[in-house]
Amino acid sequence: MLSGDGVKQLKKSICPLDCPDSCGLIVHVTGGRVTALGGDPDHPYTNGFICRKMHRYPERLYGSDRILYPQLRIGDKGAGKFRRISWQEAIRLCGEKLSQVRDKFGPETILPYCYAGNMGMINRFAGFPFFHRLGTLQLDQTICSAAAGAGWDAHCGGLAGCPPEQAADSSVIVAWGIDIKVTNVHFWQYVVKARKKGAKLVVIDPCRNETAKSADYYIQVRPGGDGALALGCCKILLGWRKTDGAFIEQSTEGFAEFESYLRTRKIGEFVAASGVAVEQMEQLAALVSENRRTFMRIGVGMTRNSRAGMAVRAVTALGAVLGLFGGGSGRGVLLSSRAFGGDREVLVHKKLLAKETERINMVQLGRALVARTPPVKALVVYNSNPLSVCPDGSMVRQGLAREDLFTVVHEQVMTPTARYADLLLPATTFLENLDLYTGYGHFYLGVAEPVIEPVGEAKSNFDLFRLMAKEMGFDEQPFQESCRDRLLQYLATIDSADSGLSAEQMMDGRYVVSPKAEGYGEEFRTGGRKFSFVLDSESLAPRSISLTCQEEADDPDLQSRFSLQLVTPPVADLLNSTFGERYPGTVGTVLVNPADAELLGIVDKQRVQIVNHRGSVTRVARVTTDVGPQVVAAPGLYWPAEPAPAGGQDKGINDLTSQKLTDMGGGATFHESLVTLVPCRKQ
Ligand SMILES: Nc1nc2c(c(=O)[nH]1)N[C@H]1C(S)=C(S)[C@@H](COP(=O)(O)OP(=O)(O)OC[C@H]3O[C@@H](n4cnc5c(=O)[nH]c(N)nc54)[C@H](O)[C@@H]3O)O[C@H]1N2
Ligand SMILES: Nc1nc2c(c(=O)[nH]1)N[C@H]1C(S)=C(S)[C@@H](COP(=O)(O)OP(=O)(O)OC[C@H]3O[C@@H](n4cnc5c(=O)[nH]c(N)nc54)[C@H](O)[C@@H]3O)O[C@H]1N2
Ligand code: SF4
Ligand SMILES: [Mo]
């Protein structure tokens, strides 16, 4: 029974947001309406606690920005003016337009664009079978963890991360490029437990972030300086003979080459490239080597620059030198849990793609829309808000404004991207559809049933693409199956043999633990797995873990014009750009070091323009040593005010970031752009 009769019901669900915690939820439903959301105390990792963002989700669910029915653009592109149409008309129109574009310009002028607004495995990938069958361009989904994954896999292969619970028994926890108290809040419980037993927390970050403010040691590394810091520590440990010789001997390869590279370099090079003084490097090396029970929690913050892959490679090398991959109480390295395998083919049906088509890197959407030949003629956006999250936002906006581009946006709320739609379609939230969720910061999965009927005329991604397939006359098996069928098929490919549960059993509302949660380190101790310090000759990346240059931050021409490196991390109230509608027109802050503020004539709480060759954005300056010299931090992907202030233009912080890619994985370099600050004149 979905709709109640005035009696409050408590129903289980799972948070669908792109957050490592993937919380178990209890949803309060009265008379078919959600009245509150809380944590599920039965969830073994999230333990009944949820963040403040999700507490406020009912406001989003029923907010005035919610898109309730299909709509067609009536105003200028981007003006956000639409008229209501029926679903029948919407699907017919969409089918007609996509067919026209395919027949006239070819299917490789149609671009699907999606990411992780909804982490449910079925809905997240629901469009792939449709676009494969249509033969469109393919999207490389690189915007978040591609660089981190490539750096990790370079030396660790497909290794899973260490279960976060291990950290509770550590005596040193290193938070490296991650703001645990903001982006991975449930990990904090293990920090608290460990500290009660005397453990120390070290935070390595260019910004004294929320986690750093509560740390025992804070190391203010330069953005992009992590590789140098990790290599410097390795060199110091070698000099002290404080490496884990047994682990290196039994479970690694290529160490001699790594060692000889380190011996040829002077420690001063690592100090200069990391911005971390040698005394502080030694302090870190001493802490992690004297405390056998060291846990490194690595975040993706260190991978938003052009040395991203190398940073992760060097940090994993430090983990190997310390023997942390061999496991043991309180010892481990966690970047991403990678708890469940599962066969993605069951979700994406790549076999429906008749011939391989060009791949577009999602980070370079601006270029794809503005400069590609032949031009992209139709864009279908779902599960993403590219105008806010994609780098070089002004170029994305220029592309979306093209009169000859047909843009479909399937959304829950009126985002900056949705305002540019020609055809706007209403999407369900996780409370209104079935799906399966796995966390990337822990080792549990669960299936969540809908707890209410769809709000307005919203349809799930799965239902949208099934309707579209029918309209286009696609009748292959994947377009016949129900959401539940697909879910069961996918579950059947997950390590169910090891968990001892059938797909049906995994559907019954329990939290399923991955077999990988047990026995971290065994693969290295007894399984014959080796950490290789060097890459094989087929790899495109440098063979050795070594110091490399940065693309934008080391560009002398740009440096001469823009002296500050911009870091753009998340804030607690937003999840990427999700919830932006709750804070319209919020002018976020930009943290600037007192030395730079003085040089630029900026005082605390003054409005400033952050400017570079790509664009300019207004923020409120906070003058603080929380960032080092020549670094500024502008947290939060806030949405611009609508309508834009008189004479102004609608903008977001990504107007300043670049489409340049990371050294590995084709990721985004969100934390590397060069900028300057210009004080706003008093109004
Ligand atoms: N509240 C909230 N939680 C979130 C999100 C959100 O938007 N809001 N986003 C979610 C998503 S999709 C993801 S991928 C994760 C991301 O979460 P994290 O893994 O924490 O990564 P980031 O948020 O990019 O940055 C974390 C920290 O890295 C720092 N940093 C920037 N450059 C460097 C560098 O070169 N070296 C080092 N050491 N640190 C650097 C930033 O200052 C920041 O404090 O969080 C998820 N959780
Ligand atoms: N400057 C800067 N930019 C960044 C980052 C940064 O740290 N700095 N972080 C980057 C990272 S880590 C990531 S992961 C990306 C995230 O990029 P996105 O995945 O685009 O993330 P969101 O901003 O959360 O936008 C997701 C949109 O999907 C919609 N949505 C949610 N569920 C559904 C659904 O079921 N169906 C449909 N059709 N829509 C749905 C939501 O309403 C929301 O508007 O942003 C990146 N951008
Ligand atoms: S956003 Fe993260 S912390 Fe908040 S409820 Fe969702 S999974 Fe939990
Ligand atoms: Mo992300």
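Residues numbered from 1 in each chain as written. Chains lettered and ligands numbered in written order. Predicted model: local features only at pLDDT ≥ 70, side-chain atom pairs only at ≥ 80, totals over all residues. Heavy atoms only, no water.

Stated formally: UniProt positions are given in the numbering used here, feature names are shortened, and annotations may be inferred rather than shown by experiment.
By the naming in an unreviewed UniProt entry, the protein is Anaerobic selenocysteine-containing dehydrogenase, taken from Desulforhopalus singaporensis. Recorded in UniProt for the protein, the comment headed Sequence similarities (unreviewed entry) runs: "Belongs to the prokaryotic molybdopterin-containing oxidoreductase family."

Focus: the overall build of the protein
What counts here: Under the DSSP-based scheme used, a helix requires at least four consecutive residues in state H or I and a strand at least two consecutive residues in state E, with every element numbered from the N terminus. All radius of gyration figures rest on C-alpha atoms, and the globule criterion is 2.2 Å times the number of residues raised to 0.38. Note on exposure labels: buried denotes an accessible area under 20% of the residue type's maximum, exposed denotes more than 50%, and partly exposed covers the range between, all computed with a 1.4 Å probe on protein chains only. Residue contacts are defined here by distance: any two heavy atoms, one from each residue, within 4.5 Å place the two residues in contact. Each accessible area is a Shrake-Rupley result for a 1.4 Å probe, and residues are judged covered by the shown protein chains and nothing else. When charges are tallied, Lys and Arg are placed among the positive residues and Asp and Glu among the negative ones, while His and the ends of the chain are skipped. The location of each charge is read from NZ of Lys, CZ of Arg, CG of Asp or CD of Glu.
A tally of regular secondary structure across the protein gives 26 helices and 27 strands. For 683 residues, the compact-globule estimate of 2.2 N^0.38 gives 26 Å, and the C-alpha radius of gyration of the protein, at 25 Å, lies within 12% of that figure. Counting only C-alpha atoms and orienting by the principal axes, one finds that the protein spans roughly 70 × 65 × 55 Å. In the protein, buried positions account for 60% of the 683 residues. Put simply, of all contacts in the protein between residues at least 6 apart along the chain, 76% involve residues at least 24 apart. Entry remark: accessible area of the protein is about 25700 Å², with carbon and sulfur atoms responsible for 50%. Here the protein contributes 76 positively and 75 negatively charged side chains, and the mean placements of these two sets differ by 3 Å.

Description of unusual backbone geometry
The peptide bond linking Thr373 to Pro374 adopts the cis configuration, its omega dihedral lying at -10°. With a phi close to 60°, Asn383 is a non-glycine residue in the positive phi region. Within the secondary structure layout, Asn383 lies in the loop between strand 15 (378-382) and helix 18 (386-389). Take Asn383: its relative accessible area is 11%, and that puts it in the buried class.

What about the site of ligand 3?
Test applied: Throughout this document, a residue counts as near a molecule or strand when at least one of its heavy atoms sits within 4 Å of that molecule or strand. Ten residues, namely Ala, Val, Leu, Ile, Met, Phe, Trp, Tyr, Cys and Pro, are considered nonpolar, four, namely Asp, Glu, Lys and Arg, are considered charged, and the remaining ones, Gly among them, are considered polar.
Around ligand 3 sit Cys15, Cys19, Asp21, Ser22, Cys23, Ile50, Cys51, Lys53, Met54, Val185 and His186, and that is every residue in its neighbourhood. Partitioned by chemical class, the residues of the shell around ligand 3 number seven nonpolar, two polar and two charged.

Quick notes on the nonpolar core
Nonpolar side chains in soluble globular proteins tend to end up buried together. Selection rule: The criterion is simple. A nonpolar core is a set of buried Ala, Val, Leu, Ile, Met, Phe, Trp, Tyr and Cys residues joined through side-chain atoms within 4.5 Å.
Counting 106 residues, the largest nonpolar core has Met54, Trp176, Leu229, Phe258, Phe325 and Leu431 as its most contacted members. Once you skip the residues sitting within four places of it in the chain, Phe325 turns out to touch Trp152, Cys156, Leu159, Phe247, Thr316, Gly319, Ala320, Val333, Tyr520, Gly521, Phe524 and Phe531. In this structure, Trp87, Met121, Leu134 and Ala469 belong to the second largest nonpolar core, which totals 55 residues.

Digging into the site of ligand 1
Applied cut-off: Polar contacts, as counted here, are pairs of nitrogen or oxygen atoms within 3.5 Å of one another; within protein the pair requires one atom able to donate a hydrogen and one able to accept it, and residues that are adjacent in sequence qualify only if both atoms are side-chain atoms.
Taken together, 35 residues surround ligand 1, and among them Asp205, Gly224, Asp226, Leu574 and Asn576 come closest. In this structure, Asp179 approaches ligand 1 through a main-chain N or O atom, which is 3.2 Å from an oxygen atom. In this structure, His671 approaches ligand 1 through a side-chain N or O atom, which is 3.4 Å from an oxygen atom. Relative to its unbound accessible surface of 910 Å², ligand 1 loses 97% to contact with the protein. Along the lines of polarity and charge, the residues of the shell around ligand 1 split into 20 nonpolar, nine polar and six charged.

Some words on the sheet that holds strand 12 (residues 294-298)
To keep things clear, this is the line we draw: For two strands to be treated as a pair, DSSP must find at least two bridges joining them. Each axis is a line fitted through C-alpha atoms, taken for helices only over the stretch in contact, and angles between the N-to-C directions span 0 to 180 degrees.
Taken in spatial order, the five strands make up an open sheet running 10-9-8-12-13, and their pairing is parallel. Of all the strands in the sheet, just strand 10 (217-219) and strand 13 (332-334) have a single pairing partner and so form its edges. Across the sheet, the mean angle separating the axes of adjacent strands is 15° when strand polarity is ignored. Pairing of strand 12 with strand 13 involves three bridges; the strand directions are parallel. Paired with Phe295 across the bridge in strand 13 is Gly332. Lying on the sheet, helix 10 (residues 226-240) is in contact with strand 8 (172-176), strand 9 (200-204) and strand 10; it crosses strand 8 at an angle near 150°.

Focus on the UniProt feature "domain: 4Fe-4S Mo/W bis-MGD-type" (unreviewed entry) in the protein
Mapped onto this structure's residue numbering, the UniProt feature "domain: 4Fe-4S Mo/W bis-MGD-type" (unreviewed entry) falls at residues 8-65. End C-alpha atoms of residues 8-65 are separated by 26 Å, and the span's content is 16% helix alongside 36% strand.

Things to note about the side chain of Arg313
Quick note on the threshold: Within this document, salt bridges are pairs made up of a side-chain nitrogen of Lys or Arg and a carboxyl oxygen of Asp or Glu, the two lying within 4 Å of each other.
For Arg313, the position within the fold is in helix 15 (residues 308-321). Buried within the structure, Arg313 lacks any salt-bridge partner; Asp663 is the closest side chain of opposite charge, at an N-O distance of 6.6 Å. A distance of 2.8 Å separates the side chain of Arg313 from the side chain of His155, its partner in a polar contact. Within the structure, the side chain of Arg313 is placed 2.8 Å from the backbone oxygen of Pro542, a separation counted as a polar contact. Apart from residues no more than four positions distant in its own chain, Arg313 is found in contact with Gly151, Ala154, His155, Leu535, Ala541, Pro542, Arg543, Ser544, Ile545 and Met664.

Considering the domain arrangement of the protein
We apply this condition: For the domain bounds, the source is a domain assignment made automatically or taken from a database. Once two parts are brought into contact, the accessible area they lose, counted with a 1.4 Å probe and summed over both, makes up the buried area.
Here the protein is described as being made up of domain 1 (8-62), domain 2 (71-144 + 345-446 + 454-494), domain 3 (148-335) and domain 4 (556-679). Opposite the nine residues of domain 1 that make contact, domain 3 presents ten residues. Where domain 1 abuts domain 3, roughly 700 Å² becomes buried across the two surfaces, and 50% of that area is made up of carbon and sulfur atoms. In terms of surface lost to domain 3, no three residues of domain 1 exceed Pro20, Asp21 and Tyr45, which account for 62% of the buried area on that side. Applying the counting rule to domain 1 against domain 3 returns eight residue pairs in polar contact (both at pLDDT 80 or more). Looking at the side of domain 1 that touches domain 3 residue by residue, the classes come out as six nonpolar, two polar and one charged.

Quick word on the environment of Leu137
When you line up the elements, Leu137 lands in the loop between helix 5 (128-134) and strand 7 (138-140). The exposure class of Leu137 is buried, given its relative accessible area of 1%. For Leu137 and Pro112, which are 25 residues apart along the polypeptide, the C-alpha to C-alpha distance reads 7.3 Å.

A short note on helix 10
The criterion, for reference: For a helix, the expected span equals 1.5 Å multiplied by the number of residues minus one.
Across its 15 residues, helix 10 extends 21 Å between first and last C-alpha, which sits within 8% of the 21 Å expected from 1.5 Å per residue. Within helix 10, twelve of the 15 residues are buried, leaving the element largely enclosed by the surrounding structure. Where helix 10 is concerned, the buried positions are Asp226, Gly227, Ala228, Leu229, Ala230, Leu231, Gly232, Cys233, Cys234, Ile236, Leu237 and Leu238. Phi turns positive one or two residues past the end of helix 10, at Arg241, with a value near 55°.

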